[in-house]
Structure formats: structure tokens, C-alpha cells
Amino acid sequence: MGGERAGRCHQAGVVDQDVESVVQFLAGMGTGMRDELAARPATEPPSAALRHAVHSALAVCGGAHVERALPVVRLILRTPALLARFLERQAQWRAELTSRLAHRLRLDPDAELYPQLAAGMALTAFDAVLRRWSESDGAADPVALLDRAFAVIAPALDAVEPR
């Protein structure tokens, strides 16, 4: 019985470390998106600015980072508690991207639906790309997947006029 309990305690410690690693991983993604959107030129169309913002978060999934990022992404997507944390973080990112986009377009985020809808579309594209990339065992190019996703949503993202 004592060995079983020690095993559970060890597992709990590993899970706690995994959760902390995932939380840090997610925090970096959100910060990257927010900062990249803020840094984009004001004259750039919303689709391009949001695509660059999402691309900055996906940079951890490409090139030399695949071996480190893929297990973390899989862990997030396959573990209910971590997936819940991921969705919680996405809600925070949506709020931050909504605020940045509203400021950029001089729209009132409390009166206009566009900033929140646009942030939601960008994050839906981000989620779809992460899932497809993970399902491909990291073989799919996340940038190419992102380009395909934004080709679909760009017309809607660019259908707003700044004030």
C-alpha cells in the first residue's frame, strides 16, 4: 500500500510539474500574440495583423522547436484539465486581442461586435492549426496551415472600416 501511495504522490508531482510547464507555455503564446498585434502597422489590414499575431504564437511549433512543443501540445489537447486551462487562457487572449484590435481600429469594444468576433475567428484558426499540426505528429507545416486558415477568414476580417 505504501508503494502505491508513493507512486501516486510521484505521479502527482510529475503532473504538477507538467501543469506548470503548460501554464508557462500558454502564457508565452498569449503574450506573443498580444504584443505582435500591438506592434503591427496601423495601416495593415486586420486579417494581416491578426495572422502575424497568431503566427508569433505558432513559432514555438515549427523548426527546431517541434520536439519540445509537440508533446506539450498533445498533453494539453488530450488532458481534460489542461484543455480546460487552455480554453481559459484563450478566453483571456480573446479579451486582450479584442481590446487591442478595437483600439487599433478606433472602435468601441462595448458597442461594436467586430473586435470580439475578429479575435474569436483568429483564435479559432489558431486552435484548428494546433490540432491539425498535432494530429500530423508535427509533420504538417503550421505556417502553411495558418495561411490556409486565414485565406478562409480574411475576407470577413477585412470587411470592417476603421473609424
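Conventions we followed
- Residues numbered from 1 in each chain as written.
- Predicted model: local features only at pLDDT ≥ 70, side-chain atom pairs only at ≥ 80, totals over all residues.
- Heavy atoms only, no water.
- Helix = DSSP H or I, 4+ residues; strand = E, 2+ residues; numbered from the N terminus.
- Contact = heavy atoms within 4.5 Å.
- Areas by Shrake-Rupley, 256 points an atom, 1.4 Å probe, with all protein chains shown as cover.
- Buried < 20%, exposed > 50% of the residue type's maximum accessible area, 1.4 Å probe, protein only.
- Core = buried A, V, L, I, M, F, W, Y, C linked by side-chain atoms within 4.5 Å.
- Phe/Tyr/Trp six-rings, centres within 6.5 Å; stacked < 30°, edge-to-face > 60°.

*Asks:* Tell me what's going on with the overall build of the chain, and back it up with residues and numbers.
*Replies:* Helices and strands together make up the secondary structure of the chain, namely six helices and zero strands. For the chain, the α and β elements follow one another from N to C terminus as α-α-α-α-α-α. Once local pairs closer than 6 in sequence are excluded, the contacts in the chain between residues at least 24 apart make up 73%. Surface accessibility of the chain: about 9,000 Å² in total, with carbon and sulfur atoms responsible for 56%.

*Asks:* Please provide a residue-by-residue account of unusual backbone geometry, values included.
*Replies:* The phi dihedral of Arg106 is positive, around 55°, even though this residue is not glycine. Position of Arg106 relative to the elements: it lies in the loop between α4 (80–105) and α5 (114–135). Overall, Arg106 belongs to the exposed group, its relative accessible area being 58%. Even without being a glycine, Asp137 presents a positive backbone phi close to 60°.

*Asks:* Could you give me a rundown of the nonpolar core, with the residues and numbers involved?
*Replies:* Formed by 43 residues in total, the largest nonpolar core has its most connected members in Met29, Phe86, Phe126, Leu130, Trp133 and Phe150. Taken together, the elements giving at least two residues each to this core come down to α1 (2–39), α2 (46–58), α3 (66–78), α4, α5 and α6 (142–157). The leading source of residues in this core is α5, at ten residues. In contact with Phe126, not counting residues within four places along its chain, are Met29, Met33, Val54, Ala57, Leu58, Phe86, Gln90 and Trp93.

*Asks:* Could you give an account of the packing of aromatic side chains, with specific residues and numbers?
*Replies:* The final tally for this structure, using the stated rule, is three aromatic pairs. Centroid distance Phe86 to Trp93: 6.2 Å. Interplanar angle 80°. Geometry classified as edge-to-face. Take Phe86 and Trp93: they sit in the same class, and that class is buried. Both rings, one in Trp93 and one in Phe126, keep their centres 5.8 Å apart while their planes meet at 70°; by these two values the pair is edge-to-face. Residue Trp93 is located in helix α4, and its partner Phe126 is located in helix α5; the two are separated by 33 residues in the primary sequence. By way of ring pairs, the aromatic residues Phe86, Trp93 and Phe126 are connected into one cluster.

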